[in-house]
Amino acid sequence: MIDVKTMRKNCWIIFFGVAFFGFFGPWNLRGFWFFYLAFVCLHLIWTVYITYVCERYVLFLTSYTLPIALVFSYMASSAMHYWISSSFETIWSRGSALWVAPFTLACVVLAVIFFSKSSSFPFEVIGNRVTVKGKLSRHSSYNGGLAGGISTFLGSVLLNVASDYASGLIIVCGCTAISIYILFMGRHVIRGLRTLHNLERAMPTPFTFMQIDEIREARSQWWLGRLFKWIASQHKQPSA
């Protein structure tokens, strides 16, 4: 799932994907643009951190996987907002809270998966180094590409026909189903991350990447990686 050769590219694809689909939000809600821009800025900072600095496997993989699933439920909620506001204007004031239902449903599914019993452990652990097993890694890459293609299509549909009654309903159901599907397909990873987190709490050092040496080498060749390394060295000098 995490390949040192594609790590940087995939992190930035996730960032731009989340920022792009986050744009299709409830524009007419007061304060939407403020919260959207604030979220994009914070997500940018976090993406830079996990791409060029983070060596904690559990933290990285959680940040890497959850946005892929939750962005679809966000799109579903946004589409539902347009659908309700354009199709049921007379009852909008009484049903305004319904638009968060898809996102809430996805969070409930996530919680059920997280706290349910694990039947498979998808990680290989050697010391404090972790990697995803090869078969699952290839399967996840396929599902990620498929989901990305579907999301691009649904995003274009949402932009053009979100105000249409039938199209709005299709987008709500479709995005919600994709979000739940991704969570279901990633159930073993989610439960595995819970197990790793519980094990990590009793360890002197957190879990890191199986290819941490290669990742450090790659980061040392990226200009942002060199910048952060230089800043860290400058920070340590006064206390030396």
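Check the entry above for the structure.
These lines cover the structure that appears in this document, whether it is placed above or below. All values derive from a computational prediction rather than experimental measurement.

The rules behind each value
Residues numbered from 1 in each chain as written. Predicted model: local features only at pLDDT ≥ 70, side-chain atom pairs only at ≥ 80, totals over all residues. Heavy atoms only, no water. Helix = DSSP H or I, 4+ residues; strand = E, 2+ residues; numbered from the N terminus. Expected span 1.5 Å × (residues − 1). Buried < 20%, exposed > 50% of the residue type's maximum accessible area, 1.4 Å probe, protein only. Salt bridge = Lys/Arg side-chain N within 4 Å of Asp/Glu carboxyl O. Axes fitted to C-alpha atoms, helices over the stretch in contact; angles between N-to-C directions. Parallel < 35°, antiparallel > 145°, perpendicular 65-115°, else oblique. Contact = heavy atoms within 4.5 Å. Nonpolar A, V, L, I, M, F, W, Y, C, P; charged D, E, K, R; others polar. Pairing = 2+ DSSP bridges. Patch = residues over 30% accessible without salt bridge, like charges linked within 9 Å, V, L, I, M, F, W, Y side chains within 5 Å. Areas by Shrake-Rupley, 256 points an atom, 1.4 Å probe, with all protein chains shown as cover. Phe/Tyr/Trp six-rings, centres within 6.5 Å; stacked < 30°, edge-to-face > 60°. Core = buried A, V, L, I, M, F, W, Y, C linked by side-chain atoms within 4.5 Å.

## Re helix 8 (residues 187-200)
Taking 1.5 Å per residue as the helical rise, helix 8 with its 14 residues ought to reach 20 Å, and the 20 Å between its terminal C-alpha atoms agrees with that figure. Those residues of helix 8 not exposed but buried are His188, Val189, Ile190, Arg191, Gly192, Leu193, Arg194, Leu196 and Glu200.

## Things to note about the pattern of salt bridges
Scanning the entire structure with this criterion turns up three salt bridges. Put simply, Arg56 and Glu200 hold a salt bridge, and the shortest N to O gap is 3.2 Å. In this pair, Arg56 is assigned in the loop between helix 2 (32-52) and helix 3 (57-87) and Glu200 in helix 8, connecting sequence segments 144 residues apart. The class of Glu200 is buried, set by a relative accessible area of 8%.

## Some remarks on the packing of helix 1 (residues 7-22) against helix 2
Running from N to C, helix 1 and helix 2 point in directions that differ by 175°, and their axes come no closer than 10 Å. The orientation of helix 1 relative to helix 2 falls into the category roughly antiparallel. When helix 1 is examined against helix 2, the residues Met7, Arg8, Cys11, Trp12, Ile14, Phe15, Val18, Ala19 and Gly22 are found in contact with a partner set consisting of Phe32, Tyr36, Phe39, Val40, His43, Leu44, Thr47, Val48, Ile50, Thr51 and Tyr52. Classifying every residue of the contact of helix 1 with helix 2 by side-chain character gives 15 nonpolar, four polar and one charged.

## Topic: the pairing of strand 2 (residues 129-132)
Only one face of strand 2 is buried: it carries Val130 and Val132, and the other face, with Arg129 and Thr131, is open. Where strand 1 (residues 123-126) meets strand 2, four bridges bridge the pair, whose relative direction is antiparallel. Each residue of the ladder has a partner; that of Ile126, found in strand 2, is Arg129. Here strand 1 hands over to strand 2 after two residues, with Gly127 in that stretch at a positive phi of 65°.

## What about a nonpolar patch on the surface?
Residues Trp223, Leu227, Trp230 and Ile231 make up a contiguous nonpolar surface patch of roughly 470 Å² in combined accessible area. Positionally, Trp223 belongs in helix 10 (residues 223-236). Here Trp223 falls in the exposed class, since its relative accessible area comes to 58%.

## What to know about the environment of Glu200
Between the C-alpha atoms of Glu200 and Val58, which are 142 residues apart in sequence, the distance is 8.9 Å. Apart from residues no more than four positions distant in its own chain, Glu200 is found in contact with Arg56, Val58, Pro206 and Phe207.

## Examining the sheet that holds strand 2
The three strands are arranged 1-2-3 in an open sheet whose pairing can be described as mixed. Each edge of the open sheet is held by one strand with a lone partner, namely strand 1 and strand 3 (208-209). Most of the contacts of helix 8 go to strand 1, to which it runs at about 25°, and overall it touches strand 1 and strand 2.

## Looking at the packing of aromatic side chains
In this description, an aromatic ring pair is defined by two values, namely the gap between the centres and the angle between the planes. For the structure shown, the criterion picks out 18 aromatic pairs. For the pair Phe32 and Trp33, a centre-to-centre distance of 5.0 Å together with 70° between the ring planes defines the contact as edge-to-face. Given a relative accessible area of 10%, Phe32 falls into the buried group. The partly exposed category is assigned to Trp33, whose relative accessible area is 38%.

## What to know about the nonpolar core
Residues Tyr57, Phe60, Leu61, Phe123, Leu193, Leu196 and Phe209 are the most contacted members of the largest nonpolar core, which totals 34 residues. For this core, the elements supplying multiple residues, two or more each, are helix 1, helix 2, helix 3, strand 2, helix 8 and helix 9 (212-221). Looking at which element gives the most residues to this core, the answer is helix 1, with seven residues. Ignoring any residue separated from it by four or fewer positions in sequence, one finds Phe60 in contact with Ile2, Met7, Cys11, Ile50, Cys54 and Phe209. Membership of the second largest hydrophobic core comes to 23 residues, among which are Phe21, Ala76, Leu110 and Cys175.

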